[in-house]
Amino acid sequence: MLLLLLAGCSGQHEDVHETRFMMGTLVEFTVSDCDKQEAQKAIARASRAMARIEQRFTIYGDGDNAVKRFNRTPVGTAVTLPKDVAQLLMLARKVQRASDGAFDPALGALNRLWGFSREPAPTRPPAKAQIRAAKHAPGCLIHTRKEQWLRRSDNCQLDFGGIAKGYALDRGIAALKRAGIRNAIINAGGDMRIIGSHHGKPWRIGIRHPRKSGQVLGYLALNGPMSIVTSGDYERFFIYQGRRYHHILDPASGMPAHKAQSATVLHPSASVADAWSTALFVLGPKGLARLQQLRMPALVVDTQGALHMNAAMRALFHPMR
Ligand code: AMP
Ligand code: MG
(Lines give C-alpha, C1' and ligand atoms only; values in the text may rest on other atoms or scores of the structure.)
(Ligands and ions follow the chains in the order given, each with its own letter.)
Protein backbone atom coordinates (compact mmCIF):
# COMPACT_ATOMS: atom_id res chain seq x y z
CA MET A 1 0.00 0.00 0.00
CA LEU A 2 2.73 2.39 1.01
CA LEU A 3 4.70 1.56 -2.15
CA LEU A 4 1.65 2.25 -4.26
CA LEU A 5 1.23 5.62 -2.64
CA LEU A 6 4.87 6.58 -3.15
CA ALA A 7 5.07 5.55 -6.80
CA GLY A 8 3.87 7.92 -9.54
CA CYS A 9 3.31 11.64 -9.34
CA SER A 10 1.38 12.09 -6.13
CA GLY A 11 2.31 12.39 -2.51
CA GLN A 12 5.47 13.79 -0.98
CA HIS A 13 8.73 13.43 -2.88
CA GLU A 14 11.98 15.34 -2.99
CA ASP A 15 12.37 17.64 -6.00
CA VAL A 16 14.08 16.02 -8.98
CA HIS A 17 16.59 18.27 -10.83
CA GLU A 18 18.17 17.58 -14.19
CA THR A 19 20.25 19.84 -16.42
CA ARG A 20 20.81 19.66 -20.18
CA PHE A 21 22.67 21.93 -22.58
CA MET A 22 20.33 23.04 -25.41
CA MET A 23 19.48 26.11 -27.46
CA GLY A 24 22.83 27.61 -26.54
CA THR A 25 22.02 27.60 -22.84
CA LEU A 26 21.69 25.42 -19.74
CA VAL A 27 18.16 24.10 -19.39
CA GLU A 28 17.19 23.09 -15.85
CA PHE A 29 14.25 20.83 -15.17
CA THR A 30 12.72 20.73 -11.70
CA VAL A 31 9.95 18.24 -11.03
CA SER A 32 8.14 18.35 -7.72
CA ASP A 33 5.99 15.74 -5.94
CA CYS A 34 6.93 12.89 -8.23
CA ASP A 35 8.78 9.60 -7.91
CA LYS A 36 12.39 10.01 -9.08
CA GLN A 37 12.39 7.42 -11.86
CA GLU A 38 9.13 8.65 -13.35
CA ALA A 39 10.34 12.23 -13.17
CA GLN A 40 13.59 11.35 -14.91
CA LYS A 41 11.77 9.50 -17.68
CA ALA A 42 9.44 12.47 -18.20
CA ILE A 43 12.38 14.90 -18.26
CA ALA A 44 14.16 12.77 -20.87
CA ARG A 45 11.05 12.97 -23.06
CA ALA A 46 10.65 16.70 -22.54
CA SER A 47 14.27 17.40 -23.37
CA ARG A 48 14.02 15.33 -26.56
CA ALA A 49 10.92 17.31 -27.56
CA MET A 50 12.77 20.58 -26.92
CA ALA A 51 15.86 19.50 -28.87
CA ARG A 52 13.61 18.66 -31.84
CA ILE A 53 12.09 22.15 -31.74
CA GLU A 54 15.57 23.65 -31.77
CA GLN A 55 16.47 21.66 -34.91
CA ARG A 56 13.18 22.55 -36.58
CA PHE A 57 13.46 26.29 -36.12
CA THR A 58 17.15 27.17 -36.09
CA ILE A 59 18.66 28.91 -39.13
CA TYR A 60 22.19 28.05 -37.96
CA GLY A 61 24.25 24.85 -38.10
CA ASP A 62 24.57 22.20 -40.80
CA GLY A 63 21.19 20.47 -40.58
CA ASP A 64 18.37 21.33 -42.99
CA ASN A 65 14.82 22.32 -42.01
CA ALA A 66 11.73 23.99 -43.46
CA VAL A 67 12.74 27.44 -42.18
CA LYS A 68 16.12 27.31 -43.93
CA ARG A 69 14.45 26.00 -47.11
CA PHE A 70 11.93 28.86 -47.02
CA ASN A 71 14.79 31.35 -46.72
CA ARG A 72 16.36 29.86 -49.86
CA THR A 73 13.23 29.84 -52.05
CA PRO A 74 13.15 32.30 -54.94
CA VAL A 75 11.54 35.66 -54.16
CA GLY A 76 7.84 35.72 -55.05
CA THR A 77 7.32 31.94 -54.90
CA ALA A 78 4.64 30.77 -52.46
CA VAL A 79 5.73 27.95 -50.15
CA THR A 80 3.62 25.72 -47.91
CA LEU A 81 5.18 25.72 -44.44
CA PRO A 82 4.73 22.79 -42.04
CA LYS A 83 1.81 23.38 -39.68
CA ASP A 84 3.87 24.07 -36.54
CA VAL A 85 6.13 26.54 -38.37
CA ALA A 86 3.12 28.28 -39.93
CA GLN A 87 1.38 28.48 -36.55
CA LEU A 88 4.38 29.99 -34.79
CA LEU A 89 4.78 32.43 -37.67
CA MET A 90 1.13 33.51 -37.28
CA LEU A 91 1.78 34.20 -33.59
CA ALA A 92 4.98 36.07 -34.42
CA ARG A 93 3.07 38.21 -36.92
CA LYS A 94 0.38 38.97 -34.38
CA VAL A 95 3.01 40.25 -31.94
CA GLN A 96 4.67 42.14 -34.80
CA ARG A 97 1.42 43.99 -35.53
CA ALA A 98 0.56 44.59 -31.87
CA SER A 99 4.07 45.95 -31.19
CA ASP A 100 4.07 48.28 -34.22
CA GLY A 101 6.84 46.27 -35.81
CA ALA A 102 9.19 46.08 -32.80
CA PHE A 103 9.06 42.29 -33.07
CA ASP A 104 10.02 41.12 -36.55
CA PRO A 105 10.24 37.42 -37.51
CA ALA A 106 11.85 38.25 -40.89
CA LEU A 107 15.12 39.70 -39.58
CA GLY A 108 17.19 36.68 -40.63
CA ALA A 109 19.51 38.51 -43.03
CA LEU A 110 20.16 41.33 -40.57
CA ASN A 111 20.72 38.99 -37.60
CA ARG A 112 23.12 36.94 -39.65
CA LEU A 113 25.03 40.06 -40.67
CA TRP A 114 25.47 41.11 -37.02
CA GLY A 115 26.46 37.52 -36.31
CA PHE A 116 25.61 37.19 -32.61
CA SER A 117 24.58 33.55 -33.05
CA ARG A 118 27.79 32.71 -34.88
CA GLU A 119 31.06 31.22 -33.66
CA PRO A 120 33.34 32.98 -33.08
CA ALA A 121 31.25 35.81 -31.64
CA PRO A 122 31.62 39.18 -33.43
CA THR A 123 33.83 41.93 -32.00
CA ARG A 124 32.88 44.95 -34.14
CA PRO A 125 29.72 46.22 -35.84
CA PRO A 126 29.14 45.78 -39.59
CA ALA A 127 29.52 48.78 -41.93
CA LYS A 128 26.50 51.11 -42.26
CA ALA A 129 26.11 50.23 -45.96
CA GLN A 130 25.96 46.52 -45.11
CA ILE A 131 23.26 47.18 -42.50
CA ARG A 132 21.24 49.18 -45.01
CA ALA A 133 21.54 46.36 -47.54
CA ALA A 134 20.45 43.67 -45.03
CA LYS A 135 17.32 45.53 -43.89
CA HIS A 136 14.03 44.64 -45.55
CA ALA A 137 11.06 46.83 -46.44
CA PRO A 138 8.05 46.62 -44.08
CA GLY A 139 5.57 43.91 -45.06
CA CYS A 140 8.16 41.75 -46.80
CA LEU A 141 6.44 38.51 -45.77
CA ILE A 142 3.16 37.75 -47.52
CA HIS A 143 0.61 35.26 -46.25
CA THR A 144 -1.07 33.97 -49.41
CA ARG A 145 -3.40 31.37 -47.93
CA LYS A 146 -3.58 28.76 -45.14
CA GLU A 147 0.01 27.69 -44.49
CA GLN A 148 1.36 29.37 -47.62
CA TRP A 149 3.82 32.22 -47.41
CA LEU A 150 6.12 34.06 -49.76
CA ARG A 151 8.93 36.53 -49.36
CA ARG A 152 9.16 39.70 -51.41
CA SER A 153 12.89 40.31 -51.23
CA ASP A 154 16.01 38.28 -50.74
CA ASN A 155 16.89 39.81 -47.38
CA CYS A 156 13.41 38.90 -46.09
CA GLN A 157 14.40 35.79 -44.11
CA LEU A 158 12.68 34.06 -41.25
CA ASP A 159 14.49 33.96 -37.90
CA PHE A 160 12.58 32.56 -34.94
CA GLY A 161 15.39 33.38 -32.49
CA GLY A 162 13.12 35.73 -30.52
CA ILE A 163 10.30 33.22 -29.99
CA ALA A 164 11.51 29.63 -30.51
CA LYS A 165 12.97 29.20 -27.02
CA GLY A 166 9.54 29.99 -25.61
CA TYR A 167 7.94 27.55 -28.01
CA ALA A 168 10.42 24.86 -26.94
CA LEU A 169 9.46 25.56 -23.30
CA ASP A 170 5.77 25.15 -24.19
CA ARG A 171 6.47 21.84 -25.90
CA GLY A 172 8.72 20.66 -23.08
CA ILE A 173 6.02 21.36 -20.49
CA ALA A 174 3.42 19.64 -22.71
CA ALA A 175 5.65 16.54 -22.75
CA LEU A 176 5.98 16.60 -18.94
CA LYS A 177 2.21 16.88 -18.59
CA ARG A 178 1.64 13.95 -20.96
CA ALA A 179 3.94 11.94 -18.71
CA GLY A 180 1.71 12.73 -15.72
CA ILE A 181 3.74 15.55 -14.14
CA ARG A 182 1.65 18.28 -12.51
CA ASN A 183 4.23 20.42 -10.70
CA ALA A 184 7.39 21.51 -12.48
CA ILE A 185 9.61 24.27 -13.83
CA ILE A 186 11.66 24.26 -16.99
CA ASN A 187 14.21 27.05 -16.84
CA ALA A 188 16.12 27.77 -20.04
CA GLY A 189 18.80 30.27 -19.01
CA GLY A 190 16.38 32.49 -17.07
CA ASP A 191 13.38 32.00 -19.37
CA MET A 192 10.94 29.62 -17.75
CA ARG A 193 7.56 28.02 -17.76
CA ILE A 194 6.03 26.68 -14.57
CA ILE A 195 3.11 24.35 -13.89
CA GLY A 196 1.40 23.67 -10.61
CA SER A 197 3.00 24.59 -7.31
CA HIS A 198 5.96 23.75 -5.12
CA HIS A 199 4.82 21.47 -2.28
CA GLY A 200 1.53 23.31 -2.21
CA LYS A 201 3.14 26.77 -2.19
CA PRO A 202 3.74 29.13 -5.13
CA TRP A 203 7.04 28.81 -7.00
CA ARG A 204 9.43 31.61 -6.12
CA ILE A 205 10.94 33.13 -9.28
CA GLY A 206 13.83 35.62 -9.20
CA ILE A 207 14.19 38.24 -11.96
CA ARG A 208 17.80 38.76 -12.85
CA HIS A 209 19.57 42.09 -12.43
CA PRO A 210 20.83 43.10 -15.89
CA ARG A 211 24.12 44.51 -14.62
CA LYS A 212 24.86 42.71 -11.34
CA SER A 213 25.59 39.12 -12.22
CA GLY A 214 24.11 36.65 -9.74
CA GLN A 215 21.79 39.28 -8.22
CA VAL A 216 18.06 39.65 -8.72
CA LEU A 217 15.88 42.78 -9.04
CA GLY A 218 13.16 41.07 -7.09
CA TYR A 219 11.05 37.99 -7.12
CA LEU A 220 7.58 36.72 -7.92
CA ALA A 221 5.55 34.06 -6.13
CA LEU A 222 3.58 32.29 -8.84
CA ASN A 223 1.42 29.25 -9.41
CA GLY A 224 1.38 27.67 -12.85
CA PRO A 225 0.60 27.66 -15.62
CA MET A 226 2.76 30.73 -16.16
CA SER A 227 5.85 31.71 -18.12
CA ILE A 228 8.41 34.34 -17.20
CA VAL A 229 10.67 35.43 -20.05
CA THR A 230 13.40 38.07 -20.05
CA SER A 231 15.29 39.65 -22.94
CA GLY A 232 18.54 41.37 -22.01
CA ASP A 233 21.47 43.21 -23.58
CA TYR A 234 23.84 41.17 -21.39
CA GLU A 235 23.07 37.85 -23.07
CA ARG A 236 25.10 38.22 -26.26
CA PHE A 237 27.09 41.41 -26.77
CA PHE A 238 30.47 42.98 -27.42
CA ILE A 239 31.94 46.34 -26.50
CA TYR A 240 33.44 48.30 -29.39
CA GLN A 241 35.01 51.74 -28.88
CA GLY A 242 33.32 51.97 -25.50
CA ARG A 243 29.82 51.13 -26.78
CA ARG A 244 27.80 48.01 -26.13
CA TYR A 245 26.40 46.19 -29.18
CA HIS A 246 24.00 43.32 -28.50
CA HIS A 247 21.75 40.79 -30.24
CA ILE A 248 18.29 42.42 -30.05
CA LEU A 249 17.86 44.65 -33.07
CA ASP A 250 15.49 47.52 -33.71
CA PRO A 251 13.98 46.59 -37.10
CA ALA A 252 13.56 50.29 -37.92
CA SER A 253 17.26 51.15 -37.67
CA GLY A 254 18.91 47.77 -38.15
CA MET A 255 20.98 48.59 -35.04
CA PRO A 256 20.84 47.09 -31.53
CA ALA A 257 17.79 48.52 -29.75
CA HIS A 258 18.79 51.21 -27.26
CA LYS A 259 15.87 51.75 -24.89
CA ALA A 260 16.44 49.01 -22.32
CA GLN A 261 18.92 46.82 -20.48
CA SER A 262 16.31 44.15 -19.94
CA ALA A 263 12.59 43.46 -20.38
CA THR A 264 10.52 40.77 -18.64
CA VAL A 265 7.05 39.57 -19.60
CA LEU A 266 4.62 37.11 -17.99
CA HIS A 267 2.07 35.03 -19.89
CA PRO A 268 0.83 31.45 -19.50
CA SER A 269 2.25 30.66 -22.96
CA ALA A 270 6.04 30.85 -23.09
CA SER A 271 5.90 31.50 -26.86
CA VAL A 272 3.80 34.62 -26.26
CA ALA A 273 5.96 35.79 -23.33
CA ASP A 274 9.13 35.24 -25.39
CA ALA A 275 7.95 37.20 -28.42
CA TRP A 276 6.71 40.03 -26.21
CA SER A 277 9.88 40.21 -24.10
CA THR A 278 11.87 40.82 -27.29
CA ALA A 279 9.29 43.36 -28.52
CA LEU A 280 9.22 45.14 -25.14
CA PHE A 281 13.01 45.30 -25.07
CA VAL A 282 12.89 47.16 -28.41
CA LEU A 283 10.00 49.43 -27.33
CA GLY A 284 11.50 50.28 -23.92
CA PRO A 285 9.42 51.61 -20.99
CA LYS A 286 6.81 53.08 -23.39
CA GLY A 287 5.80 49.54 -24.38
CA LEU A 288 4.54 48.77 -20.87
CA ALA A 289 1.18 50.44 -21.49
CA ARG A 290 0.52 48.17 -24.46
CA LEU A 291 1.23 45.11 -22.33
CA GLN A 292 -1.08 46.45 -19.63
CA GLN A 293 -3.86 46.70 -22.24
CA LEU A 294 -3.20 43.05 -23.06
CA ARG A 295 -3.22 42.24 -19.30
CA MET A 296 0.33 40.95 -19.35
CA PRO A 297 2.53 41.78 -16.33
CA ALA A 298 5.77 43.31 -17.58
CA LEU A 299 8.81 45.26 -16.43
CA VAL A 300 11.67 47.10 -18.11
CA VAL A 301 15.05 48.21 -16.83
CA ASP A 302 15.86 51.32 -18.88
CA THR A 303 19.32 52.25 -20.16
CA GLN A 304 19.99 54.25 -16.99
CA GLY A 305 19.22 51.21 -14.86
CA ALA A 306 15.85 52.48 -13.59
CA LEU A 307 13.09 49.92 -13.08
CA HIS A 308 9.68 50.51 -14.70
CA MET A 309 6.68 48.19 -14.45
CA ASN A 310 3.03 48.14 -15.39
CA ALA A 311 0.19 47.82 -12.88
CA ALA A 312 -0.23 44.11 -13.57
CA MET A 313 3.41 43.50 -12.62
CA ARG A 314 3.29 45.84 -9.61
CA ALA A 315 0.62 43.59 -8.12
CA LEU A 316 3.02 40.61 -8.23
CA PHE A 317 6.52 41.99 -7.81
CA HIS A 318 8.49 41.83 -4.55
CA PRO A 319 11.52 44.10 -4.85
CA MET A 320 14.86 43.05 -3.29
CA ARG A 321 16.02 45.31 -0.51
P1 AMP B 1 15.39 37.14 -27.25
O2 AMP B 1 16.62 36.74 -26.52
O3 AMP B 1 14.21 36.25 -27.04
O4 AMP B 1 15.02 38.58 -27.04
O5 AMP B 1 15.67 36.96 -28.81
C6 AMP B 1 16.80 37.52 -29.44
C7 AMP B 1 16.97 36.84 -30.77
O8 AMP B 1 15.83 37.13 -31.58
C9 AMP B 1 18.17 37.32 -31.55
O10 AMP B 1 19.29 36.51 -31.31
C11 AMP B 1 17.68 37.22 -32.98
O12 AMP B 1 17.80 35.89 -33.46
C13 AMP B 1 16.21 37.55 -32.87
N14 AMP B 1 15.88 38.98 -32.93
C15 AMP B 1 16.70 40.06 -32.76
N16 AMP B 1 16.00 41.22 -32.85
C17 AMP B 1 14.70 40.85 -33.05
C18 AMP B 1 13.48 41.58 -33.22
N19 AMP B 1 13.44 42.92 -33.18
N20 AMP B 1 12.34 40.87 -33.42
C21 AMP B 1 12.36 39.51 -33.47
N22 AMP B 1 13.47 38.78 -33.31
C23 AMP B 1 14.62 39.43 -33.12
MG1 MG C 1 12.19 36.64 -26.99
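If you're wondering where the values come from, they're calculated on a predicted model, not measured in any experiment. Sequence order sets the numbering: in each chain, residues are counted from 1 along the sequence as written. Lettering for chains starts from A, numbering for ligands starts from 1, and both go in the order in which the items are written. Local features in a predicted model are, by the rule used here, given only for residues with pLDDT of at least 70; side-chain atom pairs are given and counted only at 80 or more, and totals for whole chains, interfaces and linings are based on all residues. Hydrogen atoms and water are omitted, and side-chain values are computed over all heavy atoms in the structure.

Caption draft 1: Focus on the sheet that holds strand S14 (residues 298–301). Strand order across the open sheet formed by 8 strands is S1-S2-S6-S7-S10-S13-S14-S15, with antiparallel pairing between neighbours. Looking along the sheet, the strands with just one partner apiece sit at the ends: strand S1 (16–22) and strand S15 (307–309). Taken pair by pair, the neighbouring strands of this sheet meet at an average axis angle of 10°, ignoring direction. We call two residues in contact when some of their heavy atoms are within 4.5 Å. The angle between two axes is taken between their N-to-C directions and runs from 0 to 180 degrees, where each axis is a line fitted to C-alpha atoms and a helix contributes only its stretch in contact. Numbered from the N terminus, helices here are DSSP runs of H or I no shorter than four residues, and strands are runs of E no shorter than two. Along the sheet, helix H7 (residues 164–178) contacts strand S2 (25–31), strand S6 (184–188) and strand S7 (191–195); its crossing angle with S7, the most-contacted strand, is approximately 25°. For two strands to be treated as a pair, DSSP must find at least two bridges joining them.

Caption draft 2: Here's a closer look at H7. The terminal C-alpha atoms of H7 lie 21 Å apart, and with 15 residues this matches the ideal 21 Å at 1.5 Å per residue to within 8%. The buried count for H7 comes to 11 of 15 residues, which makes it a mostly enclosed element. For each residue, the accessible area found with a 1.4 Å probe, counting protein chains only, is set against the maximum for its type, and the residue is called buried under 20%, exposed over 50%, and partly exposed in between. The complete set of buried residues in H7 reads Ala164, Lys165, Gly166, Tyr167, Ala168, Leu169, Asp170, Gly172, Ile173, Ala175 and Leu176. Buried residues belonging to H7 abut S2, helix H2 (36–57), helix H4 (83–98), S6, S7 and helix H8 (270–283). Of the residues one or two after H7, glycine 180 is the one with positive phi, at around 95°. In this scheme, a helix's expected span is set at 1.5 Å multiplied by one less than its residue total.

Caption draft 3: Quick peek at the pairing of strand S4 (residues 141–145). Pairing analysis gives 4 bridges linking S4 to strand S5 (residues 148–151), with the strands arranged antiparallel. If you follow isoleucine 142 over to S5, its bridge partner there is leucine 150. Where S4 folds back on S5, the antiparallel hairpin that results is connected by 2 residues, among which lysine 146 adopts a positive phi of roughly 40°.

Caption draft 4: Structural detail: the packing of aromatic side chains. Ring pairs are drawn from Phe, Tyr and Trp, using the six-membered ring of Trp, whenever the two centres fall within 6.5 Å, and their geometry is named by plane angle: stacked under 30 degrees, edge-to-face over 60, tilted for the rest. By the definition in use, this model includes 7 aromatic pairs. Measuring from ring centre to ring centre gives 5.1 Å for phenylalanine 57 and phenylalanine 160, while their planes differ by 80°; the resulting arrangement is edge-to-face. Here the residue phenylalanine 57 occupies a position in helix H2, and phenylalanine 160 occupies one in the loop between S5 and H7, the gap between them amounting to 103 residues. Phenylalanine 57 gets classed as buried once you look at its relative accessible area, which sits at 2%. Both rings, one in phenylalanine 116 and one in phenylalanine 238, keep their centres 5.6 Å apart while their planes meet at 15°; by these two values the pair is stacked. Taken together, the residues span a long stretch of sequence, with phenylalanine 116 in the loop between helix H5 (108–114) and helix H6 (128–134) and phenylalanine 238 in strand S11 (residues 237–240) at a distance of 122 residues. Members of the aromatic cluster, connected to one another through ring pairs, are Trp114, Phe116, Phe238, Tyr240 and Tyr245. Of note, arginine 204 hangs over the ring of tyrosine 219, and the distance from its end group to the ring centre comes to 3.5 Å. Across from the ring centre of phenylalanine 237, 4.2 Å away, lies the NZ or CZ of arginine 244, which sits over that ring. Look at NZ for Lys and CZ for Arg. If either is within 6 Å of the ring centre and within 35 degrees of the ring normal, a charge sits over the ring.

Caption draft 5: Structural view of the environment of histidine 136. Within the secondary structure layout, histidine 136 lies in the loop between H6 and S4. Taking the C-alpha atoms as reference points, histidine 136 and leucine 107, 29 residues apart in sequence, are found 7.8 Å from one another. Every residue in contact with histidine 136, bar those within four places of it in the chain, is listed here: Asp104, Ala106, Leu107, Ser153, Asn155 and Cys156. Pairs of N or O atoms are called polar contacts if they sit within 3.5 Å, as long as, within protein, a hydrogen donor faces a hydrogen acceptor (for residues adjacent in sequence, only side-chain-to-side-chain pairs). In this structure the side chain of histidine 136 is engaged in a polar contact, spanning 2.9 Å, whose partner is the side chain of aspartate 104. A polar atom in the side chain of histidine 136 sits 3.4 Å from the backbone oxygen of alanine 106.

Caption draft 6: Broad picture of the coordination of the magnesium ion (ligand 2). Coordinating donors are taken to be N, O and S atoms lying within 2.8 Å of the metal, or within 3.2 Å when the metal is Na, K or Ca; because water is excluded from the atom set, some sites may appear incomplete. All of the protein donors around the magnesium ion (ligand 2) are Gly162 (O), Asp274 (O), Asp274 (OD) and Thr278 (OG1); their distances to the metal are 2.0 to 2.4 Å. In primary-sequence terms, the residues that donate to the magnesium ion (ligand 2) follow G-x111-D-x3-T. Separated by 116 residues along the polypeptide, glycine 162 in the loop between S5 and H7 and threonine 278 in helix H8 bring together distant segments of the chain.

Caption draft 7: Structural view of the sheet that holds strand S3 (residues 79–80). Overall, antiparallel pairing links the 3 strands, which are arranged S3-S5-S4 in an open sheet. Looking at strand neighbours, the two that pair on one side only are S3 and S4, the edges of this open sheet. Strand direction decides the pairing type here: S3 and S5, joined by 2 bridges, are antiparallel. Along S5, the bridge assignment pairs threonine 80 with glutamine 148. In this fold H4 packs onto S4 and S5, with an angle of close to 60° to the strand it touches most, S5.

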